[in-house]
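# Geometric and topological summary
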Amino acid sequence: MWVEKYRPQTLSDYRGASKEKEKLREWAENWENGDKPVLLHGPAGTGKTSLVEALANDLDYELVETNASDVRTKSKLKKELKEAVRQQSFFGGKKLILIDEVDGMGRSDRGGTKELNRIVGETRFPLVMTANDAYDSGIRTLKDKSEVMEIGNVHTNSINAHLKQILEEEGIEYDEGAVKRIARQANGQMRSAINDLEALAKGKDSLEVEDIGAISARDGEQEVFQALKMVFKTENASTANQATENLQEDADTFLQWIRENTPREYERSEDNAKAYNWISKADLFNGRIRKRMNWKLLKYVYLYSTVGVALSKRAKYKGWTRYQYPSKIRKMGSSRASRSRLEAISTKIGEKLHISLRESKSELKFISKLIEENPQVQEQLELTDDEVEFMEEFR
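As a starting point, this report considers the structure included with it. Just so we're clear, the structure is a prediction, and the values are computed from it rather than from any experiment. (Residues numbered from 1 in each chain as written. Predicted model: local features only at pLDDT ≥ 70, side-chain atom pairs only at ≥ 80, totals over all residues. Heavy atoms only, no water.)

### Concerning a negative patch on the surface
A cluster of acidic residues, Glu173, Asp205, Glu208 and Glu210, forms a negative patch on the protein surface. Along the chain, aspartate 205 turns up in the loop between helix H10 (190–201) and strand S7 (206–207). (Patch = residues over 30% accessible without salt bridge, like charges linked within 9 Å, V, L, I, M, F, W, Y side chains within 5 Å. Areas by Shrake-Rupley, 256 points an atom, 1.4 Å probe, with all protein chains shown as cover. Salt bridge = Lys/Arg side-chain N within 4 Å of Asp/Glu carboxyl O. Lys, Arg positive; Asp, Glu negative; His and termini not counted. Charge placed at Lys NZ, Arg CZ, Asp CG, Glu CD. Helix = DSSP H or I, 4+ residues; strand = E, 2+ residues; numbered from the N terminus.)

### Focus on helix H16 (residues 298–310)
When the terminal C-alpha atoms of H16 are compared, their 18 Å separation across 13 residues agrees well with the 18 Å that a helix rising 1.5 Å per residue should span. Residue tyrosine 304 marks the point of greatest curvature in H16, where the axis turns by about 30°. Here H16 has its buried residues at Val301, Tyr302, Tyr304, Ser305, Thr306, Val307, Gly308, Val309 and Ala310. Among the structural elements, helix H12 (224–232), helix H13 (237–241), helix H14 (251–265), helix H15 (269–292) and helix H19 (357–362) are those in contact with the buried residues of H16. (Expected span 1.5 Å × (residues − 1). Bend = angle between axes of the 7 residues up to and from the residue. Buried < 20%, exposed > 50% of the residue type's maximum accessible area, 1.4 Å probe, protein only. Contact = heavy atoms within 4.5 Å.)

### With respect to H14
Because an α-helix packs 3.6 residues into every turn, residues spaced three or four apart end up facing the same way. Over its 15 residues, H14 extends 20 Å from the first C-alpha to the last, a length consistent with the 21 Å expected when each residue adds 1.5 Å. H14 sits mainly inside the fold: 11 of its 15 residues count as buried. Along H14, the residues that are buried comprise Ala251, Asp252, Thr253, Phe254, Leu255, Gln256, Trp257, Ile258, Asn261, Thr262 and Glu265.

### A look at the environment of arginine 264
Tracing the backbone through its elements, the reader meets arginine 264 in helix H14. Arginine 264 sits in the partly exposed class, given a relative accessible area of 40%. Once residues lying within four places of it in the same chain are set aside, the contact partners of arginine 264 are Thr321, Arg322 and Gln324.

### Notes on the packing of H14 against H16
Between H14 and H16, the least distance of the axes is 10 Å, while the angle of their chain directions is 20°. With respect to each other, H14 and H16 are oriented roughly parallel. H16 is crossed by H14, and the crossing has left-handed handedness. Facing H14, whose interface residues are Ala251, Phe254, Leu255, Ile258 and Thr262, H16 presents Leu298, Val301, Tyr302, Ser305, Thr306 and Val309. (Axes fitted to C-alpha atoms, helices over the stretch in contact; angles between N-to-C directions. Parallel < 35°, antiparallel > 145°, perpendicular 65-115°, else oblique. Left-handed = near helix turned anticlockwise from the far one by under 90°.)

### Here's the deal with the pattern of salt bridges
Summed over the entire model, instances satisfying the criterion amount to 16 salt bridges. When the shortest N-O distance is used, the salt bridge between aspartate 271 and arginine 268 registers 2.9 Å. One network of salt bridges, with partners in common, ties together Glu4, Arg7 and Glu53.

### Re the nonpolar core
Within the largest apolar cluster, 53 residues are counted, with the highest numbers of intra-cluster contacts made by Leu163, Leu197 and Leu207. Where this core is concerned, the elements lending two or more residues are helix H1 (2–5), helix H8 (156–170), helix H9 (176–185), H10, H12, H14, H15 and H16. With 7 residues, H12 is the largest single contributor of residues to this core. When sequence neighbours within four positions are dropped, the list of residues in contact with leucine 197 reads Trp2, Leu163, Ile166, Leu167, Ile182, Lys202 and Leu207. In terms of nonpolar packing, the next biggest core, distinct from the first, is built from 20 residues, Tyr14, Ala28, Val38 and Leu55 among them. (Core = buried A, V, L, I, M, F, W, Y, C linked by side-chain atoms within 4.5 Å.)

### Quick word on the pairing of strand S4 (residues 127–131)
Within S4, 5 of the 5 residues are buried, which leaves the element mostly enclosed by the surrounding structure. Burial of the side chains of S4 extends over both faces: Leu127, Met129 and Ala131 are buried on one face and Val128 and Thr130 on the other. Strand direction decides the pairing type here: strand S1 (residues 38–41) and S4, joined by 4 bridges, are parallel. By the bridge assignment, histidine 41 is partnered in S4 with alanine 131. Direction of pairing for strand S3 (residues 95–100) relative to S4: parallel, over a ladder of 3 bridges. The partner of leucine 98 across the bridge, within S4, is valine 128. (Pairing = 2+ DSSP bridges.)

### Some points on the sheet that holds S4
In a beta sheet, neighbouring strands pair by backbone hydrogen bonds and run either parallel or antiparallel. In spatial order, the strands read S2-S3-S4-S1-S5; together these 5 strands make up an open sheet with parallel pairing. Among the strands making up the open sheet, the edge pair consists of strand S2 (62–67) and strand S5 (147–150). Each adjacent strand pair in this sheet contributes to an overall mean axis angle of 20°, direction not counted. Taken together, the 6 bridges between S2 and S3 define a ladder with parallel strand orientation. Paired with glutamate 62 across the strands is lysine 95, a residue of S3. Sheet contacts for helix H2 (residues 18–29): S1, S3, S4 and S5; angle to S5, the most-contacted strand, approximately 155°. Sheet strands in contact with helix H4 (residues 48–59) are S1, S2, S3 and S4, and its direction is about 175° off that of S3.

### Side note on the packing of aromatic side chains
Applying the stated criterion across every chain yields a total of 8 aromatic pairs. Ring geometry for tryptophan 278 against tyrosine 304: centres 5.2 Å apart, planes inclined by 40°, an arrangement best described as tilted. Of this pair, tryptophan 278 sits in helix H15 while tyrosine 304 is found in helix H16, placing the two residues 26 residues apart along the sequence. A residue is classified by how much of its surface remains accessible, and tryptophan 278, at 28% relative accessible area, is partly exposed. Relative accessible area serves as the criterion here: at 17%, tyrosine 304 is assigned to the buried category. Residues tyrosine 300 and tyrosine 304 carry aromatic rings whose centres are separated by 6.2 Å and whose planes lie at 40° to one another, so their mutual orientation is tilted. Taken as a pair, tyrosine 300 and tyrosine 304 lie in helix H16 at a separation of 4 residues, close to a single helical turn. By the ring-pair criterion, three or more aromatic residues cluster together here, those being Trp278, Phe285, Tyr300 and Tyr304. The lysine or arginine in question, lysine 281, covers the ring of tryptophan 278, its NZ or CZ lying 4.5 Å from the ring centre. In this arrangement the basic side chain of arginine 288 is found over the ring face of phenylalanine 285, its NZ or CZ atom lying 5.0 Å from the centre. (Phe/Tyr/Trp six-rings, centres within 6.5 Å; stacked < 30°, edge-to-face > 60°. Lys NZ or Arg CZ within 6 Å of the ring centre and 35° of its normal.)

Here it is, written out as structure tokens:
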């Protein structure tokens, strides 16, 4: 993924937070004078983790990184961090400890939270924690004993410049207006902007304004790539269950994302078999919802496609995975014309059935099948033959 490929390697490469990154560097270099950890907080996608990784590279420190939302229990925290905060680097150099997403510990993980507080108090090395919400009551004690730094949204101009640099590195020509629109609609989230850029430009020779279509502006919504990461990279049911809390995608679309990317993440055949067993169950309930219009079953679609898939692996896979857009979504969203036509058909069906645009889109496969079995439905919905043929591509 481009978000990994073009992650900043040094503080000078890092876009934005000019005051904060210098302040962080000064803190790390003078750690012994203060011996106080840092809590970096700010919205998801603003580059908190990337900032710490760039700092470690600049100072030539060994980076020891863990995610608190994945390592929730007292025993796991001891295993992951206890010795890391005490022992010197294997190569004798300096060390930087990073604990991501400390606000993901949760109020119920009291043993883990207490142990994390103890570890933070015992560290012999500079230690940085990140959080989306610094005011979460579960991390109040961590906040009280830390130097707090806020990483705000990245300025549109900084995002715009970085996106241009990526396109130039990839050898893709671009329309200035197209790039600026992607940057503006990311609402200060660099990661979201890069993911949108990759989805729209990868594999093309040029990026034009017409290619942008109707990518939605984000208002703090958790993008689907992050949701996938929460499912695939955790072994904790609670974390996986939270993956779709703020997700804009409907359950059927998210299930396509999971189905497409499970074999990209899970290398062991037995893990894939277990995961697809849960995916098939989710798909089964999805079909029952369409058939019976029983939306109470929707919770099972989400539960099986998140918790079921997350707990299917024997152990968490290391490293990053190149997640891909589902083939159907990629095919239908490859041009502005396709997206516009999809919107028009869904709007027409929504008006006839008195349902929302989102619900209409999620029902296209069902309606297409219904038309095949009962041609009168096409007439009732006032759909043309071309529109019906277009809908069949969803099946």
